[in-house]
Amino acid sequence: MTSSDALAGHTFEELSDYLDRDRTPADPSIDGSPECQTALSGMQRLRRTHRDLLLKDVQLEAEREDSWVTSILQHISLEARAGRDIPISHPSPTARVSVTEGAVRGILRAAGDSVPNIIVGRCRLDGDVTAPGAPVTVRVDATVLQGEIIASLADQLRDALYAALRQHTELAVESVDITIRDLYQIPVPAGESEQ
Amino acid sequence: MSDAPALKPVTPGSGTPAPLTDQLDEVVLAVPGVDALYSAAPLLVAVVATVIATTVEAVTGEPKSKSSVSVKEKKSGLQIAVKIGVTAPYAAIDVSRRVHDAITEQLDQNGSQDVAEIAVTVARID
């Protein structure tokens, strides 16, 4: 993450350090930023998942490739930015009600993380989300635990994403496109593969 | 909104927006599903304001308003902006509309001047 990618003035590393310090001492520039809070929530969920996977790995006494975790962490920070304002209808002529694109990407990620054995990477909303009724395509990249049935997991993920979008937005979602970019592999311990 | 706390009205057109912003902070936070209230001002401005308010409070001993709802008096009427966090079991659509309606109700109760705009932004859903 370059300095120009910083989220509300904070780099991914600074946010990660803040989590490591259990958010102490309190930093009002982080605590007062909804974008930072969204990023921190996503990072926390990923850490939990990663910890569970690590535990499985330790049990198998195996080594494992970690670059995908770093990649996802960086996406979390980048996508937590407020982005565009997505309108929410209200009958009053003086009302201007909206939800930020960053908040929506945050709940998409949270919905995805609720599906076991799949981890959401990049989330994108393609289309003019600022225009009520305009068609929008949601594009999501994900990592799946090897051995899982990809089609079935993708269906579960799609259902979870649609449900979150229906609950929190009025977006006219034309499609939810899911691409499985990585398989997370828990290596088979030496000797077991020879059986 | 029926479950909003009863608040003391401010004098309409008194030119004292601080008490009104404090009232609206309370009203917004009382809406079910709102779990955070962020400054409607840009982050840097908000942080500087918080630091100044904290310093003033430490030096003078007098509490300084740290309200988050922004209220501006324009020619066309009050311009109100609020940025909220919503807790996930609640739908952001419903919560944001209720926040708008709660602000409207409070302004009506106060007999405040005309409203030009009430902007409610859901900035985080957790």
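The rules behind the values
- Residues numbered from 1 in each chain as written.
- Chains lettered and ligands numbered in written order.
- Predicted model: local features only at pLDDT ≥ 70, side-chain atom pairs only at ≥ 80, totals over all residues.
- Heavy atoms only, no water.
- Helix = DSSP H or I, 4+ residues; strand = E, 2+ residues; numbered from the N terminus.
- Buried < 20%, exposed > 50% of the residue type's maximum accessible area, 1.4 Å probe, protein only.
- Contact = heavy atoms within 4.5 Å.
- Areas by Shrake-Rupley, 256 points an atom, 1.4 Å probe, with all protein chains shown as cover.
- Core = buried A, V, L, I, M, F, W, Y, C linked by side-chain atoms within 4.5 Å.
- Buried area = accessible area lost by both parts, 1.4 Å probe.
- Salt bridge = Lys/Arg side-chain N within 4 Å of Asp/Glu carboxyl O.
- Polar contact = N/O pair within 3.5 Å; in protein donor to acceptor, adjacent residues only side chain to side chain.
- Nonpolar A, V, L, I, M, F, W, Y, C, P; charged D, E, K, R; others polar.
- Pairing = 2+ DSSP bridges.
- Arc of directions from axis to C-beta.
- Axes fitted to C-alpha atoms, helices over the stretch in contact; angles between N-to-C directions.

Caption draft 1: Focus on the overall build of chain A. Along its length, chain A carries 6 helices and 5 strands. Relative to its full complement of 195 residues, chain A shows a buried share of 44%. Counting only contacts in chain A whose residues sit at least 6 apart along the sequence, the fraction spanning at least 24 positions is 62%. Surface exposure of chain A reaches about 9500 Å², of which carbon and sulfur atoms provide 49%.

Caption draft 2: Main features of the nonpolar core. All names here are of chain B. Val28, Ile80, Val82, Ile84, Val99 and Ile103 are the most contacted members of the largest nonpolar core, which totals 54 residues. Ranked by residues supplied to this core, first place goes to helix H3 (residues 92-110) with 7 residues. Those residues within four positions of Val28 in sequence are excluded, and the remaining contacts are Val34, Leu37, Val69, Val82, Ile84, Val99 and Ile103.

Caption draft 3: Representation of the interface of chain A and chain B. Contacts between chain A and chain B engage 29 residues on the former and 26 residues on the latter. Buried surface at the junction of chain A and chain B, both sides included, amounts to about 2200 Å², of which 59% is carbon and sulfur. In this structure, the connection of chain A to chain B is made through 2 salt bridges. Where Arg96(A) meets Glu117(B), a salt bridge forms, and the shortest distance between an N and an O atom there is 3.1 Å. At the junction of chain A with chain B, the criterion picks out 15 residue pairs in polar contact (both at pLDDT 80 or more). Mapped onto the side of chain A that touches chain B, the elements with two or more residues apiece are helix H2 (28-31), helix H3 (34-60), strand S1 (85-88), strand S2 (95-100), helix H5 (101-113) and helix H6 (150-168) of chain A. A class-by-class count of the residues in the side of chain A that touches chain B yields 9 nonpolar, 15 polar and 5 charged. Pairing of S2(A) with strand S4 (residues 115-125) of chain B, which is carried by 5 bridges, proceeds in the parallel orientation.

Caption draft 4: Examining unusual backbone geometry more closely. Residues and elements named next belong to chain A. Put simply, Thr24 and Pro25 share a cis peptide bond, and its omega is -10°. Mapped onto the secondary structure, Pro25 falls in the loop between helix H1 (12-20) and H2. Phi angles above zero are rare outside glycine, and Asp22 is one such case at about 60°. Along the polypeptide, Asp22 turns up in the loop between H1 and H2. Here the phi dihedral of Asn117 falls at roughly 65°; this positive angle occurs in a residue that is not glycine. Tracing the sequence through the fold places Asn117 in the loop between H5 and strand S3 (118-126).

Caption draft 5: View of H1(A). All names here are of chain A. Taken residue by residue, H1 has Phe12, Leu15, Ser16, Tyr18 and Leu19 as its buried positions. Within H1, the buried residues cover an arc of 155° as seen down the axis, which keeps them to one side. The positive-phi residue at the C-terminal boundary of H1 is Asp22, with phi of around 60°.

Caption draft 6: Structural context of the environment of Pro34(A). Looking at the secondary structure, you find Pro34(A) in helix H3. Overall, Pro34(A) belongs to the buried group, its relative accessible area being 4%. Spatially, the C-alpha atom of Pro34(A) lies 9.0 Å from that of Gly102(A), the residues being 68 residues apart in sequence. Dropping the residues within four chain positions of it, Pro34(A) is found in contact with Tyr38(B), Lys83(B), Ala123(B) and Arg124(B).

Caption draft 7: Examining the sheet that holds strand S4 (residues 135-145) of chain A more closely. Residue and element names in this part refer to chain A. Strand order in the open sheet made by the 3 strands is S3-S4-S5, with mixed pairing throughout. Of all the strands in the sheet, just S3 and strand S5 (172-184) have a single pairing partner and so form its edges. Adjacent strand axes in the sheet meet at a mean angle of 20°, parallel and antiparallel pairs treated alike. Inspection of the sheet shows S3 paired to S4 by 7 bridges, in the antiparallel sense. By the bridge assignment, Val120 is partnered in S4 with Ala142. Packing of H5 onto the sheet brings it into contact with S3 and S4, and relative to S3 it is tilted by some 150°.

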